[in-house]
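A look at the structure
Next come the chains, spelled out residue by residue.
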Amino acid sequence: MKFASVRIIAADIGAMVAFYEMVTGIKAQWLAPVFAEIVMPGATLAIGAVETVALWQEGSAAPASNRSLLIELEVEDIQSEYVRLKDNVALVHDLKTMPWGNATFQFRDPEGNAVSLYMPASEAAKRRFASRSA
């Protein structure tokens, strides 16, 4: 099995795509007016307009209602990413190191989804991530 993507259902797909293009620095690929992907090494962030929910089952997903999932993006230089983004995002917490050794900061996207940027900071975290295949 291969982990392929995370999909966000968006009330305002244009704003969400623009936000994630700004955060990632990657231009989205629009596959339809109601669906875009930001393809990154390791996985893809897919963003679908609320209209796409009916393609599965009406009411099976809703925009701006997540409080249990975090989107985590590993970066090379957490300090420079923090400086670049802190004034352009709704911060949940400032830059700090977590008990498991990652330096991270968290913010919310335009529809309230939690996003964390992180990098391994402790030696144990660096070893843990070095052993994972790309």
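To be clear, the structure that these remarks concern was listed above.
Since we're looking at a predicted model, the values are computed, not measured. (Residues numbered from 1 in each chain as written. Predicted model: local features only at pLDDT ≥ 70, side-chain atom pairs only at ≥ 80, totals over all residues. Heavy atoms only, no water.)

1. Regarding the pattern of salt bridges
Summed over all chains, the structure comprises four salt bridges. Salt-bridge contacts for glutamate 21 lead to lysine 27; the nearest nitrogen and oxygen are separated by 3.9 Å. Residue lysine 27 is classed as exposed on the basis of its relative accessible area of 66%. Close ionic contact of glutamate 81 with arginine 84 constitutes a salt bridge, the shortest N to O distance being 2.7 Å. Taken as a pair, glutamate 81 and arginine 84 lie in helix 2 (residues 78-85) at a separation of three residues, close to a single helical turn. (Salt bridge = Lys/Arg side-chain N within 4 Å of Asp/Glu carboxyl O. Buried < 20%, exposed > 50% of the residue type's maximum accessible area, 1.4 Å probe, protein only. Helix = DSSP H or I, 4+ residues; strand = E, 2+ residues; numbered from the N terminus.)

2. Overview of the layout of surface pockets
Of the pockets and cavities examined, the largest pocket occupies roughly 1,300 Å³. In this structure, the largest pocket is lined by 31 residues; those nearest its centre are Pro41, Glu72, Leu73, Glu74 and Tyr118. Elements that contribute at least two residues to the lining of the largest pocket include exactly helix 1 (13-24), strand 4 (43-49), strand 5 (70-74), helix 2, strand 8 (114-120) and helix 3 (123-130). For the lining of the largest pocket, the element with the highest residue contribution is strand 5, accounting for five residues. Here the lining of the largest pocket is built from residues that sort into 19 nonpolar, five polar and seven charged. (1 Å grid on protein atoms, 1.4 Å probe; cavity = no way out; pocket = protein on both sides within 12 Å on 5 of 7 lines; lining within 4 Å. Points joined across faces, edges and corners; volume = space filled by probe spheres on them. Nonpolar A, V, L, I, M, F, W, Y, C, P; charged D, E, K, R; others polar.)

3. Let's talk about the nonpolar core
If you look at the biggest cluster of nonpolar residues, it comprises 27 residues, and the most contacted ones within it are Tyr20, Leu45, Ile47, Phe107 and Leu117. Listing elements by their share of this core, those giving two or more residues are strand 1 (5-10), helix 1, strand 3 (35-40), strand 4, strand 5, helix 2, strand 7 (102-108) and strand 8. Ranked by residue count, the leading element in this core is helix 1, at six residues. Not counting chain neighbours up to four residues away, the residues in contact with phenylalanine 107 comprise Phe19, Val23, Leu85, Val89, Ala90, Leu91, Val92, Asn113, Ala114, Val115 and Leu117. (Core = buried A, V, L, I, M, F, W, Y, C linked by side-chain atoms within 4.5 Å. Contact = heavy atoms within 4.5 Å.)

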